[in-house]
Amino acid sequence: MEFVQLSGLRGDGRRGNEVRKLGCHFGAVVDCDGSAMLDQGLTKVLACVHGPREVAQRSARPGDRRSLAVANFVQDTFTQVIQTELFKGSQIDITIHILQADGGVLAACVNATTAALIHAGVPMVDFVTCCNVGYLDHTALLDLNHVEELAGGPELSLTLLPKSGKVLTMRMASSSVRVTEKLLQQLLDEAQAGCQLIHKVLDSKVRELVAVAVKKRHGADPDAEIADAPAYQ
Amino acid sequence: MSATVARVGDVVVPGSLLCVAAQTEVAKAEAGAGAYVDGRGAVLASVVGKLVVSEPKGEPARKIFSVQTASRKPKVVPVVGSTVTCNVTKVTPRFALLDIVCVGVESVPGSGFRGMVRKENVRSFEIDRVEMHNSFRPGDVVRAKVVSLGTARSYELSTADKDLGVIAAMGEANEPLIPISFEEMKCPVTGVIEKRKVAKQDSFATLDK
């Protein structure tokens, strides 16, 4: 199967270095402290944040291995970014629902969680964005969709703190191709560039959210105080 | 990497640069609510909101960078040393269990934070003579201090100070009791005296009359 046509376009019309359209809707769920519905192409993920709240013994973990791997990845990532030292003796629950899976589920889960945590007002050191990158037809492809993931080439998911450029966590799998050091370096660079692209979009979505909240409360006056404004919704 | 420094009134997001380290030599920059200082001494935002810079009175060289958020309630959790207001839910011979309803002046209703006052933390003197049932009853409102984060189930609280202890209680006649001493409360209707570990009031004497 051909993943990159002669014209340099992929099956869904993107170039190798383009990510899919990213949409983000804050406050999709009312019954929690913060939530975000994020769609990256046809992948759709809903993240809800509860807390910081009291420590409950029960902590629902997914039963199957694939979901557990995603949960562990998200947990590893966010325990490094959330300023947990401010909330000793309490817990923050992150619930993620994968509504549609069309590749890049892990990345979408991380990005949705970032958005939900920001919506909840949980203090974080920086934004976190995640992007995956694959290598098919001798080309590095950003933000693989389901068909491209199934091809079995190398796939690298990487989370980045876009402002400081720090890499937090990454996961790589390759079922059919051997990855050389040189290729790995290329994939790492591509993935970081992808994270920066996603950061740009997510950043503007968050700023929109604040602008809406301010406008809702204070009409047209953008300089008004927002200290006790209601929830961003 | 964005190296632009946010100005006062700007909308900032987590990781936004509020003040670079170099500026701290001119004026002492500090991080307030919603901000933190990173390893290089720069002040960065940790939540979404508007940048506010305040100067404490009389210290023009100090600048506090904080982020005003639009969230519905401040994230408040008890920490060691905070004064909490609680409802007593259970009293056993060794300890009392309480539901924390206020942390400092912020109310946290329905938060589910729980606390425990052990027998040895009820008062600071004659701690071997403490009787839990003569100190607290279920339903009492108690002011206490957090001494440690305790277990995952509950915070470790203490009432071993004269202004800590029961601040409001209902008697057996279902009437609010009036404190008459540091260990007694009186029912205004029946005159029955009940024992409690009472928090210091402005004046016991005036209430007694």
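Look up: the structure comes first, before these words.
The model shown is predicted, which means the values in this text are computed figures rather than measured ones. (Residues numbered from 1 in each chain as written. Chains lettered and ligands numbered in written order. Predicted model: local features only at pLDDT ≥ 70, side-chain atom pairs only at ≥ 80, totals over all residues. Heavy atoms only, no water.)

### What to know about the pairing of strand β7 (residues 155–161) of chain A
All names here are of chain A. To be explicit about the condition: Only protein chains enter the accessibility calculation, which uses a 1.4 Å probe; a residue is then buried when its area is under 20% of its type maximum, exposed when over 50%, and partly exposed in between. To qualify as a helix, a DSSP run of H or I must reach at least 4 residues; to qualify as a strand, a run of E must reach at least 2; elements of each kind are numbered from the N terminus. DSSP bridges decide pairing: two strands pair if at least two such bridges lie between them.
Across the 7 residues that make up β7, a large majority, 7, are buried. Here β7 shows no split at all, with Glu155, Ser157, Thr159 and Leu161 on one side and Leu156, Leu158 and Leu160 on the other all buried. The pairing of β7 with strand β8 (residues 166–173) spans 6 bridges and is antiparallel. Paired with Ser157 across the bridge in β8 is Arg171. Here β7 folds back onto β8 in antiparallel fashion, the turn holding 4 residues, of which Gly165 has a positive phi close to 75°.

### Observations concerning the environment of Gly103(A)
All names here are of chain A. Which entries qualify depends on this criterion: Residue contacts are counted whenever heavy atoms from the two residues lie within 4.5 Å of one another.
Structurally, Gly103 can be placed in the loop between β4 (91–100) and α2 (105–120). For Gly103, a relative accessible area of 3% corresponds to the buried category. When the C-alpha atoms of Gly103 and Gly41 are compared, they prove to be 9.0 Å apart, with 62 residues separating the residues in sequence. Beyond its immediate sequence surroundings of up to four residues, Gly103 is in contact with Arg20, Thr43, Leu144, Asn145, His146 and Glu149.

### Some remarks on the packing of aromatic side chains
All names here are of chain B. Here is the rule: In this scheme Phe, Tyr and Trp rings, the latter by its six-membered ring, pair at centre separations within 6.5 Å, and the angle between planes marks the pair as stacked below 30 degrees, edge-to-face above 60, and tilted otherwise.
Going through the model one piece at a time under the given rule, you end up with 2 aromatic pairs over all chains. Taking the centre distance of 5.9 Å and the plane angle of 70° together, the rings of Phe113 and Tyr155 count as edge-to-face. Here Tyr155 lies in strand β13 (residues 155–158) and Phe113 lies in the loop between β10 (106–107) and β11 (114–118), a separation of 42 residues in the sequence. A residue is classified by how much of its surface remains accessible, and Phe113, at 3% relative accessible area, is buried.

### Quick notes on unusual backbone geometry
All names here are of chain A. Here Asp137, not a glycine, exhibits a phi torsion of approximately 50°, which is positive. Among the structural elements, Asp137 can be located in the loop between β5 (129–136) and β6 (139–142). Under the relative-accessibility criterion, Asp137 is labelled partly exposed at 34%. Backbone geometry at His138 places phi at a positive 60°, although glycine is not the residue there. Mapped onto the elements, His138 comes out in the loop between β5 and β6. Looking at His138, the relative accessible area reads 73%, which means it is exposed.

### Remarks on the packing of helix α1 (residues 65–81) of chain A against α2(A)
Residues and elements named next belong to chain A. Rules: Here, axes are lines fitted to C-alpha atoms. For helices the fit covers the stretch in contact, and angles between N-to-C directions go from 0 to 180 degrees. An angle below 35 degrees is read as roughly parallel, one above 145 as roughly antiparallel, one from 65 to 115 as roughly perpendicular, and any other as oblique. Crossing handedness is read from the near helix: turned anticlockwise from the far helix by less than a right angle, it gives a left-handed crossing, and turned clockwise, a right-handed one. In the scheme used here, Gly and all other residues not listed as nonpolar or charged are polar, with Ala, Val, Leu, Ile, Met, Phe, Trp, Tyr, Cys and Pro taken as nonpolar and Asp, Glu, Lys and Arg as charged.
For the pair α1 and α2, the least separation of the axes is 10 Å and the interaxial angle reads 45°. If you check the angle between α1 and α2, you find them oblique. Once α1 is placed against α2, the crossing between them reads as right-handed. Contact residues: Val70, Phe73, Val74 and Phe78 in α1; Leu106, Cys109, Val110, Thr113, Thr114 and Leu117 in α2. For the contact of α1 with α2, the per-class residue count stands at 8 nonpolar, 2 polar and no charged.

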